[in-house]
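Commentary on secondary and tertiary structure
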Amino acid sequence: MPKMKTHQGAAGRFEVRKKGRLRRRRAGHNHILEKKGTRRKRRLNTETVVTRSDEKRIKRLMGVR
C-alpha cells in the first residue's frame with residue numbers, strides 16, 4: 001500500500017507538539033482587528049490547542065498516527 005501524503009492545507013495551519021497535541025492559530029486575526037469606538041483589542045494573537053473531537057480527523061490529514 002502506498003504511503004499516505006500530508007494534506008498541505010492542514011500542514012500550514014497546524015503543528016504537532018511533543019505530546020501529540022495539535023497547535024492552531026485563532027480565527028479572525030487578519031481583518032478588522034478592533035471595533036470602532038473602543039480601545040480594547042481582542043486577544044487573537046495567542047495560539048491554542050485543537051479540541052479533542054477534531055484532533056483525530058486533523059491528525060489523519062497530517063499523516064500522524
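The sections below set out a description of the structure shown in this document. (Residues numbered from 1 in each chain as written. Predicted model: local features only at pLDDT ≥ 70, side-chain atom pairs only at ≥ 80, totals over all residues. Heavy atoms only, no water.)

1. Some thoughts on the sheet that holds strand E1 (residues 14-16)
A sheet is described by the order of its strands in space; here three strands give the open sequence E1-E2-E3, paired in antiparallel fashion. Among the strands making up the open sheet, the edge pair consists of E1 and strand E3 (47-49). With strand direction ignored, the average angle separating the axes of adjacent strands in the sheet is 30°. By the bridge criterion, three bridges tie strand E2 (residues 22-25) to E3 in an arrangement that is antiparallel. What sits directly across from Arg24, in E3, is Thr48. (Pairing = 2+ DSSP bridges. Helix = DSSP H or I, 4+ residues; strand = E, 2+ residues; numbered from the N terminus. Axes fitted to C-alpha atoms, helices over the stretch in contact; angles between N-to-C directions.)

2. Some remarks on the pattern of salt bridges
Tallied over the full model, the rule gives five salt bridges. Between Glu55 and Arg21 there is a salt bridge, and its shortest N-O distance comes to 3.0 Å. Highlighted residues: Glu55 in helix H2 (residues 52-62) and Arg21 in the loop between E1 and E2, separated in sequence by 34 residues. For the salt bridge of Arg23 with Glu47, the shortest nitrogen-to-oxygen distance reads 2.9 Å. Taken together, the residues span a long stretch of sequence, with Arg23 in strand E2 and Glu47 in strand E3 at a distance of 24 residues. Here Glu47 falls in the partly exposed class, since its relative accessible area comes to 43%. Connected via shared salt-bridge partners are Glu15, Arg23 and Glu47. (Salt bridge = Lys/Arg side-chain N within 4 Å of Asp/Glu carboxyl O. Buried < 20%, exposed > 50% of the residue type's maximum accessible area, 1.4 Å probe, protein only.)

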